[in-house]
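Geometric and topological summary
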Amino acid sequence: MQNDQELAQQYGRNIRLFQKNRAKVDSEQLAYRFVKLSDTEPEDRCGHLVLLTIQNPCELKIRPEKQIAGALGISRSQVEKWKARGVIEVKDFSSRYLTVCWMDD
């Protein structure tokens, strides 16, 4: 008789459940936000670069540039410029996470 909020969120964010039931997700109408969990840290995998990992636990279809811009609080066009100049590089990209390396100033 009562809705379990935690269970409802678990099912409501399960993209595989939506796919299994052939439900369509209107990604244009989804509300989401980027939450900074910690500062970036230098990591060996990037050599002398700084590493940024963006998690996407709900597997929303968000372009990498939009995720980076949202996480850093900059415009997508700035991200595109940085990519073109080689300032940043997307190292790994999957439906659940995105790893970016960029030059440390």
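Residues numbered from 1 in each chain as written. Predicted model: local features only at pLDDT ≥ 70, side-chain atom pairs only at ≥ 80, totals over all residues. Heavy atoms only, no water.

**Some thoughts on the overall build of the protein**
- A count of helical and extended segments in the protein gives 4 helices and 4 strands.
- The N-to-C order of helical and strand elements in the protein reads α-α-β-β-α-α-β-β.
- When burial is assessed residue by residue, the protein has 21% of its 105 residues classed as buried.
- When contacts within the protein are restricted to residue pairs at least 6 apart in sequence, those whose partners lie at least 24 apart make up 51%. (Helix = DSSP H or I, 4+ residues; strand = E, 2+ residues; numbered from the N terminus. Buried < 20%, exposed > 50% of the residue type's maximum accessible area, 1.4 Å probe, protein only. Contact = heavy atoms within 4.5 Å.)

**Describing the pairing of strand β4 (residues 97-103)**
- Among the 7 residues of β4, 5 are classified as buried, and the element is accordingly described as predominantly covered.
- Note: strand β3 (residues 88-93) against β4, 5 bridges, orientation antiparallel. Bridge pairing in β4 places Glu89 opposite Cys101.
- Counted between consecutive antiparallel strands, the loop separating β3 from β4 contains 3 residues. (Pairing = 2+ DSSP bridges.)

**Quick word on the nonpolar core**
- One finds Leu52, Ile54, Ile68, Ala69, Val79, Ile88, Leu98, Val100 and Trp102 forming the largest nonpolar core, which totals 9 residues.
- The dominant element in this core, judged by the number of residues it contributes, is β4, at 3 residues. (Core = buried A, V, L, I, M, F, W, Y, C linked by side-chain atoms within 4.5 Å.)

**Some thoughts on the side chain of Glu65**
- Turning to its location among the elements, Glu65 is positioned in helix α3 (residues 64-72).
- A polar contact of 2.5 Å, which involves the side chain of Glu65, links it to the side chain of Lys83. (Polar contact = N/O pair within 3.5 Å; in protein donor to acceptor, adjacent residues only side chain to side chain.)

**Observations regarding the environment of Phe18**
- By secondary structure assignment, the location of Phe18 is in helix α2 (residues 15-20).
- The exposure class of Phe18 is partly exposed, given its relative accessible area of 27%.
- Each residue touching Phe18, except ones within four places of it in the same chain, is listed here: Tyr11, Gly12, Ala23 and Val25.

**Notes on the pattern of salt bridges**
- Within this structure, the stated rule accounts for 2 salt bridges.
- Notably, a salt bridge pairs Lys83 with Glu65, separated by 2.5 Å at the nearest N-O pair. A residue pair is termed long-range when its members are at least 10 positions apart, and Lys83 in helix α4 (residues 76-85) and Glu65 in helix α3 qualify at 18 residues.
- Taking relative accessible area as the criterion, Lys83 reaches 32% and is therefore assigned partly exposed.
- Given a relative accessible area of 12%, Glu65 falls into the buried group. (Salt bridge = Lys/Arg side-chain N within 4 Å of Asp/Glu carboxyl O.)

**Notes on α3**
- All of the buried residues in α3 are Pro64, Glu65, Gln67, Ile68 and Ala69.
- Following α3 by one or two positions, Gly73 has its phi on the positive side, about 70°.

**Examining the side chain of Gln67**
- Along the polypeptide, Gln67 turns up in helix α3.
- Sequence-distant contacts of Gln67, that is, excluding residues within four places in its chain, are made with Phe34, Ile54, Asn56, Ile62, Phe93 and Leu98.

**Focus: the confidence of the model for the protein**
- Confidence in the prediction for the protein averages 77 pLDDT; 80% of positions are at 70 or higher.
- For the protein, per-element mean pLDDT is lowest for strand β1 (residues 41-42), which scores 56, and highest for α4, which scores 92. (pLDDT = per-residue confidence, 0-100.)

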